Amino acid sequence: GFNSKAESVAPLMRTLRDPIADVVEGGLLSLGRLARDGHPVEATEITPYLGHVNPLIRSNASLVLVHATKPGQGELFLPLTAAMEDSEPAVRNHVAAALGALGDKDAVPFLLKGLQDTKALVRIRSAFALARIDDKRAVPGLIAALDDSSADVSKAAHWDSRKTQG
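About the criteria used
- Residues numbered from 1 in each chain as written.
- Predicted model: local features only at pLDDT ≥ 70, side-chain atom pairs only at ≥ 80, totals over all residues.
- Heavy atoms only, no water.
- Helix = DSSP H or I, 4+ residues; strand = E, 2+ residues; numbered from the N terminus.
- Rg over C-alpha atoms; globule rule 2.2 N^0.38 Å.
- Buried < 20%, exposed > 50% of the residue type's maximum accessible area, 1.4 Å probe, protein only.
- Contact = heavy atoms within 4.5 Å.
- Areas by Shrake-Rupley, 256 points an atom, 1.4 Å probe, with all protein chains shown as cover.
- Lys, Arg positive; Asp, Glu negative; His and termini not counted.
- Charge placed at Lys NZ, Arg CZ, Asp CG, Glu CD.
- Axes fitted to C-alpha atoms, helices over the stretch in contact; angles between N-to-C directions.
- Parallel < 35°, antiparallel > 145°, perpendicular 65-115°, else oblique.
- Left-handed = near helix turned anticlockwise from the far one by under 90°.

A. Just the overall build of the chain, in detail. Secondary structure assignment for the chain yields nine helices and zero strands. Shown N-terminal to C-terminal, the secondary structure of the chain runs as helices and strands in the order α-α-α-α-α-α-α-α-α. Taking 166 residues into account, the globule formula puts the C-alpha radius of gyration at 15 Å, and the chain, at 16 Å, falls close to it. Each principal axis of the C-alpha atoms in the chain carries an extent, and together these give about 45 × 25 × 25 Å. Expressed as a percentage of its 166 residues, the buried residues of the chain come to 51%. Contacts in the chain between residues at least 24 apart in sequence constitute 66% of all its contacts with a sequence separation of at least 6. As displayed, the chain offers around 8000 Å² of accessible surface, 57% of which is attributable to carbon and sulfur atoms. Here the chain carries 19 positive and 20 negative side-chain charges, and the mean point of each set is 4 Å from the other.

What follows is the structure, given as structure tokens:
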């Protein structure tokens, strides 16, 4: 996947069925790189890995979805919103970004909850996702996040609240 060649997607998708967790982890990481570079990776084939027992596999799957999720893929809504409850902060972080990419206004309550996460990166990603969705229901949560203990969250909420209001 780090070769940035589109023809790598199909063989990497096959690695996801490997019984060795390290192979699956590496396949997902490489698919994430390819998706980031604009190569099409089928998001619906990645979402089952959000429920994997291995936290690194869940994290890498969520990373792929940051770049593979496109607006209008309603079938991704339930797996993504469920993953906002994952025990791993990296998963919640990436899933918040994927929800922003999905652009579904029904994700607003899940992302508002993300603004209350214990991890600042999840709160930041949730704020940016809310801005991307651009729904007025996000404004009160973003205003409250202006007083976040993390200056980075506060900055993200400030930027987002201005975009959402305008």
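Continuing now.
B. Region of the structure containing the packing of helix H3 (residues 55-68) against helix H5 (residues 89-102). For the pair H3 and H5, the least separation of the axes is 8 Å and the interaxial angle reads 20°. Between H3 and H5, the crossing angle belongs to the class labelled roughly parallel. Crossing handedness for the pair H3 and H5: left-handed. Listed contacts from H5 to Arg-58, Ser-59, Ser-62, Leu-63, Leu-65 and Val-66 of H3 are Ala-90, Val-91, His-94, Val-95, Ala-97, Ala-98 and Ala-101.

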